[in-house]
Amino acid sequence: MGYFRELPNLQYQSPYSSRLSSSSYITAKNLFRRMKMRDDLQNVFTIFNKYIVKDGDRPDTIAENEYGKSTFDWVVLISAGIINVRNEWPLSSKDLYDFSFNKYGLSLNDVHHFETTEVKNSRGVIVLPKGKVVDDDFKLTYSDNKKYYTNDETSSFFDGDVDRVIIPDPVKGVTNYEYEVLENEKKRTIFILRPEYLQQFLNDIRNEMTYKRSSQFVNDKLIKTEN
């Protein structure tokens, strides 16, 4: 992954018993330096493209298609705000089924939770949106004006009897597998940096990864520390 090549190095005292002396040092990548998108750019949607992750897509294949290099997979992940690829990247259909079966076993098609169905009144106005998580015995009662008028000033008013409408079962069950599918689908929409802004992003990152002079300074890409 090209990400680690961008990180600066640090030298610290060797912890190994095989070291030659207390002044033996080893060099490692400075994982305390973390790359991120500039805060002032995160809400500038014009520099990002919306991307729908398809089955078989990986960060490196998207980077190859978008930026011409698979090693820019870390740019895809950073611009998408993904830290843990294992948990935050969408699974393929097969992997999702295998994951769900391993998680729920024979309870795969049991009800995970209940959600509302959409309910409209006689004028077509939504009084209950779909997708709200509720208890299985949830009921809906609302008042409905069936007579609807518009006066000459085009302002609306109601006249006539008010009906009390009872919907005894405005819910549906969502199975464990359906729930995992829905959660997986939420991960498919990501926003990635547009190719024309890639070089500026790299310049900003590399500038941030450069060490400033200090008591630990060795060079722009290396510091030396005692612990």
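> I'd like a description of the sheet that holds strand β2 (residues 25-29), backed by residues and values.
Spatial strand order, β2-β1-β15-β14: four strands in an open sheet with mixed pairing. Each edge of the open sheet carries a strand with a single partner, namely β2 and β14 (217-219). Neighbour-to-neighbour, the strand axes of this sheet turn through a mean angle of 30°, independent of strand direction. As paired strands, strand β1 (residues 9-13) and β2 are joined by five bridges and run antiparallel to one another. Looking at the pairing, Gln 13 lines up with Tyr 25 of β2.

> Kindly report on the layout of surface pockets, identifying the contributing residues and their values.
Reported here for the second largest pocket is a volume of approximately 220 Å³. Forming the boundary of the second largest pocket are Arg 86, Asn 87, Trp 89, Leu 91, Leu 96, Phe 99, Glu 180, Glu 183, Asn 184 and Lys 187. Contributing elements (two or more residues each) for the lining of the second largest pocket: α4 (85-88), α5 (93-104) and α6 (176-186). For the lining of the second largest pocket, the element with the highest residue contribution is α6, accounting for three residues. Considering only residue class, the lining of the second largest pocket consists of four nonpolar, two polar and four charged.

> Please give an account of the packing of α5 against α6 that cites residues and values.
The interhelical angle for the contact between α5 and α6, taken along N-to-C directions, is 135°, at an axis separation of 10 Å. Judged by the inter-axis angle, α5 sits oblique to α6. Handedness of the crossing formed by α5 with α6: right-handed. From α5, Leu 96, Tyr 97, Phe 99, Ser 100, Lys 103 and Tyr 104 reach across to α6, where they touch Asn 176, Tyr 177, Tyr 179, Glu 180, Val 181 and Asn 184. When its residues are assigned to classes, the contact of α5 with α6 shows seven nonpolar, three polar and two charged.

Cut-offs applied
Residues numbered from 1 in each chain as written. Predicted model: local features only at pLDDT ≥ 70, side-chain atom pairs only at ≥ 80, totals over all residues. Heavy atoms only, no water. Pairing = 2+ DSSP bridges. Helix = DSSP H or I, 4+ residues; strand = E, 2+ residues; numbered from the N terminus. Axes fitted to C-alpha atoms, helices over the stretch in contact; angles between N-to-C directions. 1 Å grid on protein atoms, 1.4 Å probe; cavity = no way out; pocket = protein on both sides within 12 Å on 5 of 7 lines; lining within 4 Å. Points joined across faces, edges and corners; volume = space filled by probe spheres on them. Nonpolar A, V, L, I, M, F, W, Y, C, P; charged D, E, K, R; others polar. Parallel < 35°, antiparallel > 145°, perpendicular 65-115°, else oblique. Left-handed = near helix turned anticlockwise from the far one by under 90°. Contact = heavy atoms within 4.5 Å.

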